[in-house]
Structures are given as structure tokens and as C-alpha cells.
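As a plain string of letters, each chain reads:
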Amino acid sequence: MPRLLSPAQAWLFGRGVDLTVFAGSALVSVAFVLAAPWLGAVGDTPAWAWLLFVVGMDVAHVWSTLFRTYLDGEEVSNRPGLYVGAPLAAYTAGVFAYMVSPGAFWSLFAYVALFHFIRQQYGWVALYDRKARASAFERRLDAAAVYAATLGPVVWWHANLPRAFWWFVENDFLSGLPRWMGTAALGAHAAVLTLWAGFQVLRIARGEGVQAGKVLLVVATWVAWFGGIVLARDDFAFTVMNVVLHGVPYFALLFRYARGRHAEGGFGEWGVLLRAGLPGFLLFLAGLALLEEGLWDVLVWHDRPVLFGDSGPALEADVLALVVPLLALPQATHYVLDAFVWKAGREPALLVRLGWARAGQGPSNVSQAHKVVAIPGRGE
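What counts, and where the lines are drawn
Numbering of residues begins from 1 in every chain and follows the order in which that chain's sequence is written. In keeping with the model being predicted, local features are shown solely for residues with a pLDDT of at least 70 and side-chain atom pairs are shown and tallied solely at 80 or more, while totals for entire chains, interfaces and linings include all residues. With hydrogens and water excluded, all non-hydrogen atoms of the structure serve as input to the side-chain values. Only runs of H or I of at least four residues qualify as helices and only runs of E of at least two qualify as strands under DSSP, and these elements are numbered from the N terminus. Under the rule applied, a polar contact is a pair of N or O atoms within 3.5 Å (in protein, one hydrogen donor and one hydrogen acceptor; residues adjacent in sequence only if both atoms are side-chain atoms). Between two residues, a contact is recorded if the distance between any of their heavy atoms is within 4.5 Å. What pLDDT expresses is the predictor's confidence in each residue, scored from 0 to 100. With a 1.4 Å probe rolled over the protein chains alone, any residue whose accessible area is under 20% of its type maximum counts as buried; one over 50% counts as exposed, and the rest are partly exposed. Definition used for salt bridges: Asp or Glu carboxyl oxygen within 4 Å of a side-chain nitrogen of Lys or Arg. To define a nonpolar core, start from buried Ala, Val, Leu, Ile, Met, Phe, Trp, Tyr and Cys residues and group those joined through side-chain atoms within 4.5 Å. Take the number of residues in a helix, subtract one, and multiply by 1.5 Å to get its expected span. UniProt positions are given in the numbering used here, feature names are shortened, and annotations may be inferred rather than shown by experiment.

Considerations on the side chain of E75
- Here E75 lies in helix α4 (residues 73–78).
- Polar contacts involving the side chain of E75 include one to the side chain of Y83, which spans 2.5 Å.
- When near neighbours in sequence (up to four residues on either side) are disregarded, E75 contacts R68, T69, Y83 and E347.

Structure, rendered in C-alpha cells:
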């Protein structure tokens, strides 16, 4: 009888965690969207959902990068150029873009965020492939499947603007693609995913089995992006499908890393944040996210007085050119740093902290068996 599951590294974090953070995230998103009429969430995202999904997941996951970077004094001292240069470069680029026009800033920000989201999904699949020592052909096919599952709906979105939702602000994506191009993009994405699915069936028929976690991840990615873009009809559906699959696995990654680093004696006094376990970790991040969003509302948006109080007078355009990129800096820095801080080829100890290698494992073995690729990842 053909083997269904591959015995070789079928899971990334472990069966229970993988099912929860990947497949579970997609299922929860779908459940919330289907229940939207009963939750009073049809149309604009209601305040409770904004707090839960945007603040509690999307913005909070950005701040979780602190546990990989700025909260670790030793890490900062090892790469001071990166940790000083990344925010400075991001802020400078943001101010320059905003001085060109607010629209230019938000379009640039939206496309960088989009790239980050797509690359994070690729990063997870690449981790699975490296853990299982997949062939070059399978790695390329898996990458094509992720890019098809994400870029197909995105191109369709651009060819069907305007929609009832947007990434950050209205009209941040550039319009102008003909409708036929969107249809062609969906056709191409279906062809690639069909080829990928056929390869999984072939693996089973050959008795090799499949990596269950990786298969569920690709399926979850397609559900979130196709459902959240092509099928979504309002901001609530887009928001839920967009942020849960992006934020929840990242929380798992950072919490796992933070525990491993803390066990080595890292973080110093900041280690108290981990002694309360996952609830304390998440509450700390949610507090930072709420503070950030409060500043956005008081200084820029002025649309949630019930949560953040009455705002002062509107800021002048030249002041906004300095304030808006500053408020966006946590997200922008998150985008930049994620492209650098998850590469274990330069830091084999990273794998030990994540529990994917044993202490003392040689660099060559680590590189071949577990090498971590970048997980760059909507950052707000």
C-alpha cells in the first residue's frame, strides 16, 4: 500500500504546533468569515475585530521581532551596523517618499509589505524542504506553488481595482492592468498548483509519502490569499484572511526562539517577559501594538475617539512628512531586518535556539540538514 506521509521531517515545529499555526490559522480565518453575518462584521471591520486581528495579531507580530533583535544586547553588539542602519535607512526612504507625495509613500509601503508577506510564505516552505533535504526540482516546484498561490490573486486584484478593501489606505495599489491579465493570472496560478498537487500524488504512488505540514501550509496559503482577495467582498474578510496566517506562525517562531535564547541566559532583565510564558509574551506585544495604534489615531487618522480619545488639530503636511514615516518605522524596520536575521548559515546557534539542531552540531551538518533561509515577511 502506498505510503501517505513521508517519515523524513514531516513537521517543522512539531505535529501539533504545525497543525495549529498553519492549517489552524486558515480554518479559523474561514470560520470567522463564514460567521461574519452573525458577528455583525459584514462590511467594514468592527472595532472588536480590529483590536483582535489588526492590533493583536498584525501589529503585535511586528513588535515580536524585538525578541530576535533589540531586546538582546549581545545580538545588537554583534551587528550594530544593521540595527542602527536599518531604521535610519527605512526612515530616510519614508520621509523622501512622503515628500514626493503621501500617495507615493503609501504605495511604496504597500508594495514592500506585500513582498514581505509573500516571502514569508516562501520562507516557511523553504524551511520544510531543507529540513527534508528535498531535491532541487521539488524545491523549485514548491517555490513556484507558493508564488502562484500568492501572486495569482494579487495580479487579479490589480486588474480588478477598485475593490471594497485595500492594503493600507485607499488607492495604495496602482491600477491600470486590463481585466484579461487578471484572468490569465488565475489560470496560470491554477496550472502551477495543479502540477504541484500532481507531484504530491506521484510521491505517494512511488511510496515516498508527502510532508504533511508542507502540504497543509501550501493549501492554507492558497485558501488565505484566494479567499481573502478574489472571494472577499469586504474589508473584514480581507483583514481576517490576510493577517491570521501571517501573524500566528510568526508568533510561534519568535516565542520558540525567545525561549531558546533565554535558556542561554539571553535578554538580561528583559527575560522577565518570558517567565509568564506565552500569555505574558503576547500581552507585552499587544500592549506595544495598542500604544502604536493610539499614536497613529491621535496624530494622523482621528477615527477611533471611543478607543483613543479626542484628537488635537490636524498636523501640517510638512510635519506629517516627518511623523508618518516615524510611526511606520516599526513595520518598515521589521521588513528590513527579517531579510537578515533568520539566516542560520551565518549563525548556526540560531538553529539550536529554535530546537532544530543540537548544541555542538557541526556547521556543515547544520547547513545541509537544517539551514534556515530568510523569513522576510503586511507588517502593519
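Things to note about the confidence of the model for the chain
- Of the residues in the chain, 91% have a pLDDT of 70 or more, and the chain-wide mean is 90.
- When the criterion is pLDDT under 50, residues 362–380 qualifies, and its contacts beyond four places in sequence or with other chains add up to 81 contacts.

Some details on unusual backbone geometry
- The omega torsion of the bond from L161 to P162 falls at 0°, within 30 degrees of zero and hence cis.
- Relative to the assigned elements, P162 resides in the loop between α7 (136–158) and α8 (179–205).
- Of note, the phi angle at N171 is positive, near 65°, even though the residue is not glycine.
- With respect to the element layout, N171 can be found in the loop between α7 and α8.
- You will see that F267, though not glycine, has its phi angle at about 85°, which is positive.
- As for its placement among the helices and strands, F267 is situated in the loop between α10 (235–263) and α11 (272–275).
- Given the relative accessible area of 5%, F267 is considered buried.

Observations concerning the pattern of salt bridges
- According to the stated counting rule, one finds twelve salt bridges in the structure shown.
- When the shortest N-O distance is used, the salt bridge between E208 and R203 registers 3.6 Å.
- With relative accessibility at 13%, the residue R203 sits in the buried group.
- For the salt bridge of R206 with E208, the shortest nitrogen-to-oxygen distance reads 3.1 Å.
- When its relative accessible area of 32% is taken as the criterion, E208 is described as partly exposed.
- Residues joined by salt bridges that share partners form a network here, namely D129, E138, D142, R203, R206, E208 and K214.

Observations regarding the nonpolar core
- Residues F13, F67, W124, L253, F281, W342 and W356 are the most contacted members of the largest nonpolar core, which totals 55 residues.
- By residue number, the principal contributor to this core is α10, which donates eight residues.
- Excluding residues within four positions of it along the chain, F67 makes contact with L254, Y257, A258, F267, L273, L274, F281, F284 and L285.

Let's talk about helix α12 (residues 277–301)
- Relative to the 36 Å expected for 25 residues at 1.5 Å per residue, α12 spans 34 Å between its end C-alpha atoms, a close match to the ideal helical length.
- G277, G280, F281, F284, L285, A289, E292, E293, G294, W296, D297 and V300 are the residues of α12 that are buried.
- Two residues or fewer after α12 comes H302, characterised by a positive phi angle close to 60°.

Some remarks on the UniProt feature "transmembrane region" (unreviewed entry) in the chain
- Using the residue numbers shown here, the UniProt feature "transmembrane region" (unreviewed entry) corresponds to residues 21–41, 47–70, 140–159, 179–202, 214–232, 238–258 and 270–291.
- Measuring from the first to the last C-alpha atom of residues 21–41 gives 24 Å, for a span that is 86% helix and 0% strand.
- Taken end to end, residues 179–202 has its terminal C-alpha atoms 35 Å apart, with 100% of it in helix and 0% in strand.

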